[in-house]
Amino acid sequence: MRLRGTSPRRPPRGFTLAELVMVVALISILAAVAVPTGRFMVKREREAELRLALRLMRNAIDEHKRLADQGMIQVDLGTEGYPKELEVLVEGVDIVGQTVKRKFLRRIPMDPMTGKAEWGLRSYQDEPDSRSWGRQNVYDVYSLSEATALDGSKYRDW
């Protein structure tokens with residue numbers, strides 16, 4: 001029997017300090033694991049984008065060279081059949097016997113490591129490890145980033 005003016009004893013509501021400390025500690029541990037993993041995933045994604053961009057441009061350069069070797073494109077003296085500049089791959093070239101220009105790229109891709117559509121270029125006449133472009137033609141492209149990849153190589157060496 002209950003007396004008037006008294007209420008039944010209710011259990012305390014809320015969390016104790018120990019419970020709150022344990023929850024904060026667990027969340028901190030999870031965050032400490034998630035942040036580096038997230039950074040790793042973002043870097044790996046950007047590396048995949050860089051590989052794709054380099055492959056697209058190199059395939060376009062090779063296709064230009066193939067058509068030039070077949071005599072389908074008028075070749076400028078000293079270019080050895082390679083495009084004079086990267087923009088030629090976007091603007092397109094006249095194909096012998098056709099009225100429509102052949103375009104090799106829709107646009108020059110952005111370098112995901114630098115955030116710019118600027119690339120290092122090599123001419124056919126340049127040394128393989130040269131960092132200065134001889135301006136005779138575009139034989140190869142590389143990233144201008146000085147950063148190191150996940151595998152320990154430099155992006156500019158890809």
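Presented here is a report on the structure given in the accompanying data block. (Residues numbered from 1 in each chain as written. Predicted model: local features only at pLDDT ≥ 70, side-chain atom pairs only at ≥ 80, totals over all residues. Heavy atoms only, no water.)

**Brief notes about the environment of Asp 111**
Stage number 1. Turning to its location among the elements, Asp 111 is positioned in the loop between strand E2 (101–102) and strand E3 (120–122).
Stage number 2. Distance in space between the C-alpha atoms of Asp 111 and Leu 30 is 33 Å, their sequence separation being 81 residues.
Stage number 3. Side-chain polar atoms of Asp 111 contact the backbone nitrogen of Met 113, separated by 2.9 Å.
Stage number 4. A distance of 2.6 Å separates the side chain of Asp 111 from the side chain of Ser 143, its partner in a polar contact. (Helix = DSSP H or I, 4+ residues; strand = E, 2+ residues; numbered from the N terminus. Polar contact = N/O pair within 3.5 Å; in protein donor to acceptor, adjacent residues only side chain to side chain.)

**Brief notes about the nonpolar core**
Stage number 1. Formed by 26 residues in total, the largest nonpolar core has its most connected members in Met 57, Leu 86, Trp 119 and Val 141.
Stage number 2. When residues of this core are traced back to their parent elements, those giving at least two are helix H1 (17–69) and helix H2 (87–91).
Stage number 3. Sorting elements by how many residues they give to this core places H1 first, with eight residues.
Stage number 4. Setting aside residues up to four positions removed in sequence, Trp 119 forms contacts with Leu 50, Ala 53, Leu 54, Met 57, Leu 86, Ile 108, Pro 109, Met 110, Asp 111, Tyr 142, Ser 143 and Leu 144. (Core = buried A, V, L, I, M, F, W, Y, C linked by side-chain atoms within 4.5 Å. Buried < 20%, exposed > 50% of the residue type's maximum accessible area, 1.4 Å probe, protein only. Contact = heavy atoms within 4.5 Å.)

**Topic: unusual backbone geometry**
Stage number 1. Positive phi, close to 55 degrees, is recorded for Glu 80, a residue that is not glycine.
Stage number 2. Positionally, Glu 80 belongs in the loop between H1 and H2.
Stage number 3. The exposure class of Glu 80 is partly exposed, given its relative accessible area of 35%.
Stage number 4. Its identity as a non-glycine residue notwithstanding, Arg 135 has a phi of 70 degrees, on the positive side.
Stage number 5. Along the chain, Arg 135 turns up in the loop between E3 and strand E4 (140–142).

**Brief notes about H1**
Stage number 1. For H1, which comprises 53 residues, the first-to-last C-alpha distance of 78 Å matches the rise-based estimate of 78 Å (1.5 Å per residue) to within 8%.
Stage number 2. For H1, the complete set of buried residues consists of Glu 47, Leu 50, Ala 53, Leu 54, Met 57, Ala 60, Ile 61, His 64, Lys 65, Leu 67 and Ala 68.
Stage number 3. Packed against the buried residues of H1 are H2, strand E1 (93–94), E2 and E4.
Stage number 4. Immediately downstream of H1, the backbone of Gly 71 shows phi near 80 degrees, a positive value. (Expected span 1.5 Å × (residues − 1).)

**Examining the packing of aromatic side chains**
Stage number 1. Evaluation of the coordinates by the stated rule reveals four aromatic pairs.
Stage number 2. The structure contains a cluster of three or more aromatic residues connected by ring pairs, namely Tyr 82, Tyr 124 and Tyr 139.
Stage number 3. In this arrangement the basic side chain of Arg 131 is found over the ring face of Tyr 142, its NZ or CZ atom lying 4.8 Å from the centre. (Phe/Tyr/Trp six-rings, centres within 6.5 Å; stacked < 30°, edge-to-face > 60°. Lys NZ or Arg CZ within 6 Å of the ring centre and 35° of its normal.)

**Concerning the pattern of salt bridges**
Stage number 1. Tallied over the full model, the rule gives seven salt bridges.
Stage number 2. For Asp 157, the salt bridge identified is with Arg 131, shortest N-O distance 2.6 Å. Of this pair, Asp 157 sits in the segment after E4 while Arg 131 sits in the loop between E3 and E4, and the two are 26 residues apart along the sequence.
Stage number 3. Residue classification places Arg 131 among the partly exposed positions, given a relative accessible area of 38%.
Stage number 4. Ionic contacts of the salt-bridge type, sharing partners, join the residues Arg 58, Arg 122 and Asp 140 into one network. (Salt bridge = Lys/Arg side-chain N within 4 Å of Asp/Glu carboxyl O.)

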